[in-house]
Amino acid sequence: MKKLFGLLTTLVMIFGLLGFSGCGKSTTADLSGVKDLLAFIPENATGVFTINLKKITRMDVFKEQLEKSQTEPGMKEKDFFQNYQEFIEKTGVDPEKDIDTLVIAMFKSFNMKMDSNKGVAGIISLNYDKDKVLNFIKEKTGEYTVESHGDQTIYNFTSSKNNTVSLSFLNNKFITFGENAYVKGIIDLKQKGGKSLLDNVKLKPYINEIQSGKVIHFVFGFPKELKESQPQGTPFKVDLSKAETLVGFIDHENQAWSGEIKLISPDEESNKQIVNLLNGLKGMAALAGPEVSELVSNINLTSSVEDIKLTFSLTDELLKKLQAKAKEKASGFMQQSEFE
């Protein structure tokens, strides 16, 4: 149920923010409560995103998008902010004041498709009114069924495609949502105790490195499917058989996006080969124009005995130039198509 999942994750448009350009003052936020959320995620999770929604809503780019949604034609039909004021009025939740942190846990192999709740459960920390939130979701998605699990109530919303999202109010601060089985696992951990993701032997060292104040931090076990084989047609084959974990963060400070992505893989020779290949691709990409050349020059790749590391720092000014260039090319393509 894409619509409901989108409502519940509410501000998880940070991936889209990378395509915009922020500007203005530095922002900070306290993410000390993220460990409280992770303590509700069962140990068998394969990976997790922690998303600092408080910081996102204080960013200038967020405020700029709000303004555009009210003034630019077409924005309301295609943008996250299309129902922003309605959301505030009907739920009583003001994202800029009431939403803190979101954790999204994966219980199957990682993939970037966020249009389904399969193998996914999340917990969001916010100030909310239970009745208003339920009424708003019901209005947007239709009727729901109710079931009990221990002393918790689970609300199940089902779409016409029989895709169901479950939701439960864990306490007066946390709401959990996602696939029914994993929502129940979160409730069980809350009620009965047991091992959480904080106890996961494989991921714990990297979970402990989650940094307060970052916009996004992620930790994932490397998918077994990618370790064993790569899709047919892949132009450059690389050895990922010893890859273990993918970790990283994305942040925005001082008018620039920065981040780090690290693949933990104890294979020095393969790590060198992969970095050499990627650096070669960087060199080819740099020929695409000055903006792209500047982009790839701000992406650095290194290898070691234990890992491959990618770091980047992209100024808001550069992102604006890239965005303008992309619009220019798209416009040229459309004009060419009209004459063909």
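J.: Where do I start with the nonpolar core in this structure?
T.: For soluble globular proteins, the rule of thumb is that nonpolar side chains tend to be buried together. By size, the foremost hydrophobic cluster in this structure holds 41 residues, and its most contacted members are I51, I124 and F169. In this structure, L38, Y182, L197 and Y206 belong to the second largest nonpolar core, which totals 27 residues.

J.: Could you clarify how one ought to interpret the packing of helix α7 (residues 84-91) against helix α9 (residues 130-141) in this entry?
T.: The description of two packed helices rests on the angle between their axes and on the distance between the axes. Direction vectors running N to C along α7 and α9 enclose 135°, while the axes themselves pass 8 Å from each other. Relative to α9, the element α7 lies oblique. Facing α7, whose interface residues are E86, F87, K90 and T91, α9 presents K132, F136, E139 and K140.

J.: When you look at the sheet that holds strand β12 (residues 307-315) in this model, what are you seeing that I'm missing?
T.: Each strand in a sheet pairs with another by means of backbone hydrogen bonds, the pair being arranged parallel or else antiparallel. Judged by pairing direction, the sheet is antiparallel, and its twelve strands sit side by side in the order β4-β5-β6-β7-β3-β2-β1-β8-β9-β10-β12-β11 without closing on themselves. Edge positions in the sheet fall to β4 (144-149) and β11 (299-303), since each has one partner strand and no second. The mean inter-strand angle of the sheet, taken between neighbouring strand axes irrespective of direction, is 15°. Examined bridge by bridge, β4 and strand β5 (residues 152-158) share six bridges and lie antiparallel to one another. Bridge pairing in β5 places E147 opposite I154.

J.: Teacher, can you tell me more about the packing of aromatic side chains here?
T.: Each aromatic ring pair is described using two quantities: the centre-to-centre distance and the angle formed by the ring planes. Per the stated rule, a full pass over the model turns up nine aromatic pairs. Pairing Y155 with F169 gives two aromatic rings, centres 5.9 Å apart and planes at 75°, and the pair type is edge-to-face. Of this pair, Y155 sits in strand β5 while F169 sits in strand β6 (residues 164-169); the two residues are 14 residues apart in sequence, bridging distant segments of the chain. Accessibility expressed as a relative area gives 7% for Y155, which makes it buried. Looking at F169, the relative accessible area reads 10%, which means it is buried. Cluster of aromatic residues (ring-pair linked, three or more members): Y128, Y144, Y155, F157 and F169. Over the aromatic face of F249 sits the side chain of K214, whose NZ or CZ is 4.5 Å from the ring centroid.

J.: Can you help me understand the pairing of β5 in this one?
T.: Each regular strand displays side chains that alternate between the two surfaces of the sheet. For β5, the buried fraction is high: five of the seven residues fall into the buried class. Where β5 lies against β6, four bridges are found, and the strand directions are antiparallel. For F157, the partnering residue across the bridge sits in β6 and is V165.

J.: Would you mind going over the side chain of K282 with me for this structure?
T.: Relative to the helices and strands, K282 is located in helix α13 (residues 268-285). Within the buried set, K282 has no salt-bridge partner at all; the shortest N-O distance to an opposite charge, 13 Å, is to E294. Those residues in contact with K282, other than ones at most four positions away along the chain, are V296, I299, N300 and L301.

J.: I tried to follow the pattern of salt bridges on my own but got confused; where do I start?
T.: Opposite charge on two side chains permits them to pair, given that their charged atoms come into close proximity. The final tally for this structure, using the stated rule, is twelve salt bridges. When the shortest N-O distance is used, the salt bridge between D251 and K55 registers 2.7 Å. Residue D251 is located in strand β9 (residues 245-253), and its partner K55 is located in helix α4 (residues 53-56); the two are separated by 196 residues in the primary sequence. Residue class for K55 comes out buried when judged on its relative accessible area of 1%.

Calculation criteria
- Residues numbered from 1 in each chain as written.
- Predicted model: local features only at pLDDT ≥ 70, side-chain atom pairs only at ≥ 80, totals over all residues.
- Heavy atoms only, no water.
- Core = buried A, V, L, I, M, F, W, Y, C linked by side-chain atoms within 4.5 Å.
- Buried < 20%, exposed > 50% of the residue type's maximum accessible area, 1.4 Å probe, protein only.
- Axes fitted to C-alpha atoms, helices over the stretch in contact; angles between N-to-C directions.
- Helix = DSSP H or I, 4+ residues; strand = E, 2+ residues; numbered from the N terminus.
- Parallel < 35°, antiparallel > 145°, perpendicular 65-115°, else oblique.
- Contact = heavy atoms within 4.5 Å.
- Pairing = 2+ DSSP bridges.
- Phe/Tyr/Trp six-rings, centres within 6.5 Å; stacked < 30°, edge-to-face > 60°.
- Lys NZ or Arg CZ within 6 Å of the ring centre and 35° of its normal.
- Lys, Arg positive; Asp, Glu negative; His and termini not counted.
- Salt bridge = Lys/Arg side-chain N within 4 Å of Asp/Glu carboxyl O.

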